[in-house]
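Now for the letters of each chain:
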Amino acid sequence: MNPGAFIGALVLIVLVITAIFAPLIAPYSWEETFVGPSLGPPSIDHIFGTDVHGRDVFSRILYGGRYSLSVGIATVIFSLVFGSIFGLIIAYSGGRVDEIGVVVIDVMLGFPAIMFALLIVAVLGVGLTNIVIAVGIAGIAPFARVVRGAALAVKARPFVEATRALGAGQWRVILRHLLPNVLAVIIVMGTLNLASAIISTATLSFLGLGAQPPTPEWGAMLNNSREYMRYGAWTMIAPGVALFLAVMSVNLLGDRLREVLDPRVSDKRQPTLIEDDTDSP
Amino acid sequence: MSYLLRRILGVIPILFFSWTVVFVVLQLIPGDPVDLMLVGRPASQEVRDNVRIQLGLDKPPLVRYGTFLLRAVQGDLGYSYRTRQPVANSILQQVPETLELAVGGLIIGLFFGVLLGVISGTRPNSWQDTGTMFIALAGISMPGFWVAMLLIYVFGLQLRWFPIIGDGLPSLVLPSIAVAFWLIGNLARLIRSSILEVMGEDYIQTGHAKGLGHWMVVFKHAFRNAMIPPITMLGIQFAYLISGAVIVEIVFARPGIGQLLVTSVLNKDIPMVQGIVVYTTAAFIILNLLVDILYGLIDPRIRESRAA
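Residues numbered from 1 in each chain as written. Chains lettered and ligands numbered in written order. Predicted model: local features only at pLDDT ≥ 70, side-chain atom pairs only at ≥ 80, totals over all residues.

> Explain unusual backbone geometry here, please?
Negative phi values dominate among residues other than glycine, just as trans dominates among peptide bonds. Omega for the peptide link from A:P213 to A:P214 comes to 5°, which places this bond in the cis form. Checked against the element boundaries, A:P214 lands in the loop between helix 9 (170–206) and helix 10 (218–225). A positive phi is found at A:L39, a non-glycine position, where the angle reads about 50°. A tally of 18 C-beta atoms within 10 Å means that A:L39 is categorised as partly exposed. Within the chain, B:A253 stands out as a residue other than glycine whose phi angle is a positive 55°. (Helix = DSSP H or I, 4+ residues; strand = E, 2+ residues; numbered from the N terminus. Buried ≥ 20, exposed ≤ 12 C-beta atoms within 10 Å, placed from the backbone.)

If you want it as structure tokens, here you go:
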């Protein structure tokens, strides 16, 4: 197996398992204050130290994975579902609908994602659910574009025409024939977008627009540690490393996935099945 | 020339459509704008009505939409609910700060991104390749705001190599590196794959066959052609850089568009949010247009195929 993908999978599995079993693994409660000293450095009792409120950073990181990872995944699912529906419908309909659909996609791609997300947060207000929707909406266009492209290719194949000739309706063709054939592309896109979704949602939480204190979301924890970095750098190391590892492992898996699914790929080449506009700052 | 004209005219519907989206989205904000404008101060019905007329909210939505578009085209984006200052002025004041940071990031990012990309692309599967690709992976996997925090802590607070606040070039170094970090990773990966692809082409073999030195082939033939795909991405990347700068300047507590935008979002200062999004979108679209035109000029093949 590819070493990069192996490391990525391993790290991701560890992060997911520790997040799921956080209540069993965490030595302390994530919200209980003064289980240790305020801004206590890492020690045997508190391996990642304690924050300004004397909360155990390690326990908060474990619970934080539940928020950061699931918010990232929820965001991708949001973009994926709506983007795929949109892409499939305009590809199937063709003609005028397709033309207008492509313009809509272009316009959405024209907004810098973070601006678009902030605009939506301005409308919906702050909160975790709202940033899932905001980043989710901002991420629809890339899915729609890629799914449309893939669906057009499938639609041109004789079996689709045959199915339609046999009298199958629009939804039957889309769901039974187009969707299964573009599913691989959708899954790859989902994986590639997960990395940027995790970063974007964490960024919004970091800006105070997503998870609110005392929620142990990683971005929110980093926001909280900003004021105290001079006195307790560990409070910003642990959540940052956790975020970095999560994003890196997804990127490693995504790279491998592209390699496997790109027919043009040779071993040493960075693959290009899907246009690489998914990495985000 | 018709390609150029067509490309420029093509921008108009996109701008129009995106501004419409901004207008519609902001109409959906719950709550009465008059309350937002009054910032919770109690006011008589008369005052409220006056504010409503002042904001033009007494007119039907379609009229407001028309006024919004007309004014937006002229660069007039109304007044901030908070400061009562013209939105356009407030934004224009902040643009140089953010732009300066984005350009700083672009320079650093281009230099190291190209360097790392060439190093790994010309030595596939060597230890240099593995090393640079690990750096590139870190570049695209570390959240920008965290990179900024680490730089502040290590080089600002501990080593004290660079000031973290203040004016002038020295204080621009750390935030520019934070902004560049992602670009370095992204560009290095793009250039590596592009070089690997080009190195398999016939004209490279020809170059080798006619006895050119290895580096001659790499720089005169491979590098030039390999740079075409990364150049097309530069427009998108500069937009990402601006998004990155918006975040980084908040971490460094620098003034700029980001600071203004986030404050406005938190304060529900709708005209300000609207103005910033309208401006950035326009800038983004025009930037992509310029890159596209540039790309057409560099590579005649593109111009031909698109004109067709």
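On we go.
> How do you make sense of the packing of helix 9 (residues 202–209) of chain B against helix 10 (residues 214–226) of chain B when you look at a structure like this?
For any two helices packed against each other, one specifies the crossing angle of their axes together with the interaxial distance. Residues and elements named next belong to chain B. One way to put it is that helix 9 packs onto helix 10 with a least axis distance of 10 Å and a crossing angle of 150°. Our classification of the angle between helix 9 and helix 10 gives roughly antiparallel. Relative to helix 10, helix 9 is oriented so that their crossing is right-handed. Packed against helix 9, whose contacting residues are Y203, I204, G207 and H208, the element helix 10 presents V217, H221 and A222 at the interface. Of the residues assigned to the contact of helix 9 with helix 10, the class counts are 4 nonpolar, 3 polar and no charged. (Axes fitted to C-alpha atoms, helices over the stretch in contact; angles between N-to-C directions. Parallel < 35°, antiparallel > 145°, perpendicular 65-115°, else oblique. Left-handed = near helix turned anticlockwise from the far one by under 90°. Contact = placed C-beta atoms within 7 Å. Nonpolar A, V, L, I, M, F, W, Y, C, P; charged D, E, K, R; others polar.)

> What is the right way to read the interface of chain A and chain B from this model?
Interfaces are often sized by the amount of accessible area the parts lose when they come together. Taken together, the 42 residues of chain A in the interface contact 50 residues of chain B. Counting residues per element, the ones that place at least two in the side of chain A that touches chain B are helix 4 (95–110), helix 5 (113–124), helix 9 and helix 11 (234–261) of chain A. The dominant element in the side of chain A that touches chain B, judged by the number of residues it contributes, is helix 5 of chain A, at 8 residues. Tallied by class, the residues present in the side of chain A that touches chain B amount to 27 nonpolar, 7 polar and 8 charged.

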